[in-house]
Amino acid sequence: MRTVAVIGGGASGMMAAVTAASEGARVILLEHKDRIGKKILSTGNGRCNFTNIHQEPICYHSEDPLFPWEVVEKFNAQAVISFFLQLGVYSKNRNGYIYPNSDQASAVLDAFRMELDRLKVEIRTGVECREIRPGKKGFTILTDQEPVRADRVILCAGSKAAPTTGSDGSGYDLAKKLGHRILPVLPALTALKCEEKFFKSIAGVRANGSVSIWSGDECIAKDTGEIQLTDYGISGIPVFQVSRYASKLLYEKKETDAVLDFMPDFTKEQTNAFLRARAKTRPDKSAEMFLIGLFHKKLCDLWIRLSEIPRQRKAGELNSDEIARLTDLIKEFRVRVRETNPYDKAQVCCGGVDTREVDPETLESVYVPGVYFAGEILDVDGMCGGYNLTFAWASGYVAGKAASGADQ
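Anyway, here's the lowdown on the structure attached to this text. (Residues numbered from 1 in each chain as written. Predicted model: local features only at pLDDT ≥ 70, side-chain atom pairs only at ≥ 80, totals over all residues. Heavy atoms only, no water.)

A word on the overall build of the protein
Note the threshold: Here a helix means four or more residues in a row that DSSP labels H or I, a strand means two or more in a row labelled E, and each is numbered from the N terminus. Throughout this description, buried means an accessible area under 20% of the type-specific maximum (1.4 Å probe, protein chains only), exposed means over 50%, and partly exposed covers the range between. Between two residues, a contact is recorded if the distance between any of their heavy atoms is within 4.5 Å. A 1.4 Å probe and the Shrake-Rupley method give the accessible areas. Residues count as covered only by the protein chains that appear here.
Of regular secondary structure, the protein possesses 11 helices and 21 strands. Oriented by its inertia axes, the alpha-carbon framework of the protein measures out at about 85 × 45 × 35 Å. The buried share among the 408 residues of the protein stands at 54%. Contacts spanning at least 24 positions in sequence make up 72% of the contacts within the protein whose residues lie at least 6 apart. Accessible surface, the protein: about 18,100 Å² in total, of which carbon and sulfur atoms supply 47%.

If you want it as structure tokens, here you go:
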């Protein structure tokens, strides 16, 4: 019987362990925290959005853009839903976002624990893995306790996101010692801190709109949804979706701007015409009250101040330049991004083990046969909405099956 050691007890590690054990391997699961699956409990605001039925290649990012989709196609969303149904987790569909019917992330973790127990996977917690040493027959994993010997090793040690749950970046050192290149690991799916001092005056505002990331005159990325304004900058799902691009620009020490559009369904010309017509409808309104009912009062106050329009100026007296300044603020509200939120507030990271050094068919190292990778340790990050967990399940499945020798 082949012995497979899985390093990392997160989503991909548990999936790899279950898959390898289901294929007849003896599996040892090594986790350096006191228990497995801690990060799963915080996903989906504690409800665990574990996959999404809307799947496209553009939902995943990597320096090798074809790699993520090659993996996901081998264990797609329907396979994920079926897998969890077999484990007893009945799912519900919210506009394509798939959750446990119980709305409890703990249901997913409990189902895994029961399956790992049923398959007699040996789980060792509180074990720090320090080096994977290839030998003539298999591998020796050096730890802070006794060495672990295995025929195959799957490295699922996560990224640097949410380090308190176990993803502290320690897996990258293990990969580097095996000769693998680590692409810069940066926070992704996180909020952005901005330089402007006025954010404290608009903290707490939520508004539908679009956010785009710019470097000079080039738009790098764009997304639309509910933007959250904080005392330090911008947050919300559309900001999370574009944050990886801001991370990369900041890492490259390039000027990074975010441009917010608070009327994304209108062109700039339509917005200008709308404001001119609005001014004519109630010409006696003060400029201070002109935008009330259209946007949050905190935003209205800020824009009137930034446009340098006297607050008591009547709406009917606003000239074309003043209307144009308001239009610019509404449609192209440009702020300078200073930094991203740190790793402990990021959902995932971009960067990691260079996927060009990993076989997409099996996730085996091209340098060290018998070593496999799965999950966030790889240079793959997905959009919000269950995509990162989808990749974790798919990569864990592919690596677990290959490491067990099921295809040989």
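That was the structure; now back to the text.
Some details on the packing of helix 9 (residues 297-306) against helix 10 (residues 320-331)
To keep it simple, the criterion reads: Note on definitions: angles span 0 to 180 degrees between N-to-C directions of axes, and those axes are lines fitted to C-alpha atoms, for helices only across the stretch in contact. Between 65 and 115 degrees an angle is taken as roughly perpendicular, under 35 as roughly parallel, over 145 as roughly antiparallel, and anywhere else as oblique. Crossing handedness is defined as follows: a turn of the near helix away from the far one that is anticlockwise and smaller than a right angle gives a left-handed crossing, while the clockwise case is right-handed.
Between helix 9 and helix 10, the least distance of the axes is 10 Å, while the angle of their chain directions is 130°. It follows that helix 9 is oblique to helix 10 by the angle criterion. Crossing geometry of helix 9 relative to helix 10 is assigned as right-handed. Residues Trp303, Ile304 and Leu306 of helix 9 pack against Leu326, Leu329 and Ile330 of helix 10.

Overview of unusual backbone geometry
The backbone of Cys48 shows a phi angle near 65°, a positive value even though the residue is not glycine. Looking at the secondary structure, you find Cys48 in the loop between strand 2 (26-31) and strand 3 (51-52). With a phi angle near 60°, Lys120 is a residue other than glycine that sits in the positive phi range. A relative accessible area of 71% means that Lys120 is categorised as exposed.

Looking at empty space enclosed by the protein
The gaps of empty space that remain are located by a probe, the size of a water molecule, rolled over the atoms. The cut-off we apply is this: Definitions used for this entry: grid spacing 1 Å over protein atoms alone; cavity, a set of points where a 1.4 Å probe fits but cannot get out; pocket, an open set with protein on both sides within 12 Å along at least 5 of 7 lines; lining residue, one with an atom within 4 Å of a point. Grid points are joined across faces, edges and corners, and a volume is the space filled by probe spheres set on the points.
Summed over the entire model, instances satisfying the criterion amount to one cavity of 30 Å³ or more. What lines the largest cavity is simply His61, Ala188, Leu189, Phe240, Gln241, Ser243, Arg244, Asp381, Gly382 and Met383. If you list the elements that add at least two residues to the lining of the largest cavity, you get helix 7 (237-251) and strand 21 (381-382). Per-element tally for the lining of the largest cavity: the top contributor is helix 7, with four residues.

Structural notes on helix 7
Just so we agree on the cut-off: Multiplying 1.5 Å by the residue count of a helix minus one yields the expected span of that helix.
Taking 1.5 Å of rise per residue, the 15 residues of helix 7 would be expected to cover 21 Å, and the 22 Å separating its terminal C-alpha atoms lies within 8% of that figure. Buried within helix 7 are the following residues: Pro238, Val239, Phe240, Gln241, Val242, Ser243, Arg244, Ala246, Ser247 and Leu249. After helix 7 finishes, the residue Lys253 shows a positive phi value of roughly 60°.

Points about the state of the cysteines
We count it as follows: When the sulfur atoms of two cysteines come within 2.5 Å, that pair is taken as a disulfide.
Tallied over the full model, the rule gives zero disulfides. In this model Cys156 remains outside any disulfide bridge; the closest cysteine sulfur is found in Cys129, 11 Å from its own. Looking at the unpaired Cys194, the closest cysteine sulfur is the one in Cys219, lying at 16 Å. The exposure class of Cys194 is buried, given its relative accessible area of 4%.

Some words on helix 10
The cut-off we apply is this: Think of a polar contact as two N or O atoms within 3.5 Å of one another; within protein, one of them needs to be a possible hydrogen donor and the other a possible acceptor, and neighboring residues in sequence only count if both atoms come from side chains.
For helix 10, with 12 residues, the first-to-last C-alpha span of 16 Å sits near the 16 Å given by 1.5 Å per residue. The set of residues buried in helix 10 consists of Glu322, Ile323, Leu326, Thr327, Leu329, Ile330 and Lys331. Of the surrounding elements, those touching the buried residues of helix 10 are strand 17 (257-261), helix 8 (268-281), helix 9 and strand 18 (333-340). The backbone nitrogen of Asp321 has a side-chain oxygen 3.0 Å away, supplied by the residue at the start of helix 10, namely Asn319.

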